[in-house]
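Working through the structure, step by step
The lines below spell out each chain.
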Amino acid sequence: MNNKVRKSNIELLRILAMFLIVFMHLLWHGNVLNSCDYGSINYYLFWSIRSLCYISVNVFVLISGYFMIYSKFNNKKLFKMILQTLFYSLVFFSISSYINKDIFTIFNLLKSIFPISSGVYWYITSYVLLYLISPLLNNAIISMDKNELRRVIIYLFIAFSIFPTFLFWSRSFLSMGRDLNWFIFLYLVGGYIRKYNVSCKNKKLLFIFIISIFLMIISLVLIGAITHLIFGRVKEQDLMLCFNSIFSLCASISVFLIFLNIRINNMIFSRIVNSISKLVIGVYLFHENPFFRDILWGIINPTRFINSSILTLLYSIFACIMIMMIGCLIEKCRLYLLKCFHIG
């Protein structure tokens, strides 16, 4: 089985998922959500977009499980991943320290030198741990029959999604949706989909996706309204907006299956998609560096048109596209440098 072949439909989903990640960070770190008055058009518009963005990380891990189930552990791939993370961590720590001298401390320097163990990029930390145990997971997925694997997935679904969604106090010791537990579950789901060629009609999948996002928005509205009524201000309105909520999970799986059904026949478009998708992790490492992101969002200033919903939305989309383009360009330059110095 050739694992090197890229499916352009899934690579397109990978690009769109990264765009949603950037948009989610813009809404939060760019202070858009905090600038929205409760009950305003901005409030409902941008919190609804935030709900949609929660499918992004799940999609990335589902893709990993789908493609890696038949892959062998590769030390070179692990080394490249660590080297890539270290590059962005040190470069943007240095740039940030030059711009703001207060950022440079021994503690921050050590965090930048050891970005994976220090959790500078939480996604990369969880993903590296997932990759380290992927041979074990692959053997489990391949060796178990359909009923056994389905049973394990159901049990983990209850533990890591149902309980944290409705018994939210259990998140701290079951799963926050940003940890290895949740990544293992998604990996198993992705592997199950690949192994048993799971498919469904797009019409049904689209219905599940829309209903899931709608329920996330409804939970946001209801919790916001109830807390505003009781406390006089909105509290914990995003209680059910997390990566491992049942609503986010259903939306993520449905959109993943929708894209599996898509066929891209245009070879030129396919090559463009595949070439861009190889660069998108660089977008994450560039814009989500914890020392650089405040500087980045300060320059962009997503709230500059906050009095106009349409202008803020259009400007936010434009800003996210520019971040994607700059991030891809930086990653392309990094790969070119590695090639020049015969590294990796």
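Residues numbered from 1 in each chain as written. Predicted model: local features only at pLDDT ≥ 70, side-chain atom pairs only at ≥ 80, totals over all residues. Heavy atoms only, no water.

Counting its regular elements, the protein chain contains 15 helices and zero strands. Its C-alpha atoms give the protein chain a radius of gyration of 20 Å, near enough to 20 Å, the size a compact globule of 344 residues would have. Projecting the C-alpha coordinates of the protein chain onto the three principal axes gives extents of approximately 55 × 50 × 45 Å. Burial analysis of the protein chain (344 residues in total) assigns 49% to the buried set. Counting every atom, the protein chain has about 17300 Å² of accessible surface; 68% of that belongs to carbon and sulfur. Between the centroid of the 31 positive side chains of the protein chain and the centroid of its 11 negative side chains there is a distance of 12 Å. (Helix = DSSP H or I, 4+ residues; strand = E, 2+ residues; numbered from the N terminus. Rg over C-alpha atoms; globule rule 2.2 N^0.38 Å. Buried < 20%, exposed > 50% of the residue type's maximum accessible area, 1.4 Å probe, protein only. Areas by Shrake-Rupley, 256 points an atom, 1.4 Å probe, with all protein chains shown as cover. Lys, Arg positive; Asp, Glu negative; His and termini not counted. Charge placed at Lys NZ, Arg CZ, Asp CG, Glu CD.)

The geometry of an aromatic ring pair comes down to the distance between the two centres and the angle between the two planes. One pass over the structure, following the stated rule, counts 28 aromatic pairs. Centroid distance F92 to F292: 5.0 Å. Interplanar angle 50°. Geometry classified as tilted. With F92 in helix α4 (residues 75-99) and F292 in the loop between α13 (280-287) and α14 (293-300), the pair connects residues that are 200 residues apart, well separated along the chain. Grouping residues by exposure puts F92 and F292 together as buried. Here F93 and F291 contribute two aromatic rings whose centre-to-centre distance is 5.2 Å and whose plane-to-plane angle is 70°, an arrangement assigned as edge-to-face. Within this pair, whereas F93 is found in helix α4, its partner F291 is found in the loop between α13 and α14, the two being separated by 198 residues in sequence. Considered together, F93 and F291 belong to a single accessibility category, that of buried residues. In textbook terms, an aromatic cluster arises when at least three aromatic residues are bridged by ring pairs, as seen for Y54, F60, Y121, W122, Y123, Y127, F183, F243 and Y284. (Phe/Tyr/Trp six-rings, centres within 6.5 Å; stacked < 30°, edge-to-face > 60°.)

Attention shifts here to a nonpolar patch on the surface. Where nonpolar side chains cluster on the molecular surface, the patch consists of F207, I208, I211, F214, L215, I218, L222, I226, L229, I230 and F231 and spans about 1100 Å² of accessible area. Checked against the element boundaries, L215 lands in helix α10 (residues 202-231). On the basis of relative accessible area, L215 is assigned to the partly exposed category, the value being 35%. (Patch = residues over 30% accessible without salt bridge, like charges linked within 9 Å, V, L, I, M, F, W, Y side chains within 5 Å. Salt bridge = Lys/Arg side-chain N within 4 Å of Asp/Glu carboxyl O.)

A word on the pattern of salt bridges. Here the structure, examined in full by the defined rule, presents three salt bridges. Measuring nitrogen to oxygen at the nearest pair gives 2.9 Å for the salt bridge that ties R14 to E11. Residue R14 and its partner E11 are located together in helix α1 (residues 8-29), separated by three residues, close to a single helical turn. Considered together, R14 and E11 belong to a single accessibility category, that of buried residues. Across the pair E331 and R334 runs a salt bridge, and its minimum N-O distance is 2.8 Å. Linking E331 with R334, this pair stays in helix α15 (residues 309-340), spanning three residues, or about one helical turn. The burial state of E331 is the same as that of R334; both residues are buried.

Turning next to helix α8 (residues 146-166). With 21 residues, α8 should cover 30 Å at 1.5 Å per step; its first-to-last C-alpha distance of 28 Å lies within 8% of that length. Of all the bends found along α8, the most pronounced is centred on I158 and spans about 35°. Of all the positions in α8, only L149, I153, L156, A159, F160, S161, P164 and T165 are classed as buried. Where α8 is buried, its residues meet α7 (134-143), α9 (180-195) and α11 (246-261). Measuring from the side-chain oxygen of the N-cap residue of α8 to the backbone nitrogen of N147 gives 3.1 Å; that N-cap residue is D145. (Expected span 1.5 Å × (residues − 1). Bend = angle between axes of the 7 residues up to and from the residue. Contact = heavy atoms within 4.5 Å. Polar contact = N/O pair within 3.5 Å; in protein donor to acceptor, adjacent residues only side chain to side chain.)

Quick look at helix α3 (residues 55-68) now. Taking 1.5 Å per residue as the helical rise, α3 with its 14 residues ought to reach 20 Å, and the 20 Å between its terminal C-alpha atoms agrees with that figure. Counting buried positions along α3 gives 14 out of 14 residues, so the element sits mostly inside the fold.

Attention shifts here to the nonpolar core. Ranked by internal contacts, the top residues of the largest apolar core, which has 105 residues, are Y123, F183, F185, F256 and Y284. The dominant element in this core, judged by the number of residues it contributes, is α1, at twelve residues. (Core = buried A, V, L, I, M, F, W, Y, C linked by side-chain atoms within 4.5 Å.)

This brings us to the side chain of N9. On the secondary structure map, N9 appears in helix α1. Residue N9 is classed as buried on the basis of its relative accessible area of 7%. A polar side-chain atom of N9 sits 3.4 Å from the main-chain carbonyl oxygen of L260. Here the side chain of N9 touches I262 through a polar contact of 3.1 Å, landing on its backbone oxygen.

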